[in-house]
Amino acid sequence: MKMRIELVAVVVEDYDRAIEFFTRALGFELVEDSPSLTNDGRPKRWVVVRPPGGETGILLARADGERQAAVVGEQFAGRVGFFLRVDDFDAAHARMVAAGVEFVTAPRTEPYGRIAVFLDIAGNRWDLLGPA
């Protein structure tokens, strides 16, 4: 049996600001932006972004209610929860810095490659990973 993770959700405050961040600052593709409904029939959007050539997408899920709003940027309790692997670390880092992405650590080299931690539009921590 073949399995794969198709989507992971990131809870965000605003669809359009999140789309802007992921497509312009990170260079992801907007795969889908469709009207949808919540389980109880209220309007929402189904928004999916994905790194170019990637298989797993990110569902940008607007916070619905106080409980979800409370986890925006804290989905992993301050830990790195997402890992973005790139072929050219220095070029990706420079492009992201120029686009205003906030890095919370300087680039460094570890046995497994180059790494720097950045924040997404919601405040979640990501590792930018590249070859050693």
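See the structure shown above.
Just so you know, these numbers come straight off a predicted model, no measurement behind them. (Residues numbered from 1 in each chain as written. Predicted model: local features only at pLDDT ≥ 70, side-chain atom pairs only at ≥ 80, totals over all residues. Heavy atoms only, no water.)

A few words now on the sheet that holds strand β3 (residues 43–50). Overall, mixed pairing links the four strands, which are arranged β1-β4-β3-β2 in an open sheet. Pairing within the sheet leaves two strands with one partner each, and these edge strands are β1 (7–12) and β2 (29–37). Going across the sheet, the axis of each strand differs from the next one's by a mean of 25 degrees, ignoring polarity. In this structure, β3 lies alongside strand β4 (residues 57–62), joined through three bridges in antiparallel fashion. Pairing of Val 47 across the sheet is with Leu 60, part of β4. Running at roughly 5 degrees to β3, helix α1 (residues 15–25) makes contact with β1, β2, β3 and β4 of the sheet. (Pairing = 2+ DSSP bridges. Helix = DSSP H or I, 4+ residues; strand = E, 2+ residues; numbered from the N terminus. Axes fitted to C-alpha atoms, helices over the stretch in contact; angles between N-to-C directions. Contact = heavy atoms within 4.5 Å.)

On to the pattern of salt bridges. Counted by the stated rule, this structure contains eight salt bridges. Ionic pairing is found between Glu 20 and Arg 24, a salt bridge with its closest N-O pair at 3.1 Å. Placement of both Glu 20 and Arg 24 in helix α1 is noted, with a separation of four residues, approximately one turn of the helix. Overall, the relative accessible area of 61% leaves Arg 24 in the exposed class. Asp 90 is the partner of Arg 114 in a salt bridge, and the nearest nitrogen-oxygen pair spans 3.3 Å. Here Arg 114 is found in strand β8 (residues 113–119), whereas its partner Asp 90 is found in helix α3 (residues 89–98), with 24 residues between them in sequence. (Salt bridge = Lys/Arg side-chain N within 4 Å of Asp/Glu carboxyl O. Buried < 20%, exposed > 50% of the residue type's maximum accessible area, 1.4 Å probe, protein only.)

Take it as geometry only, folks, not as evidence of what the structure does.
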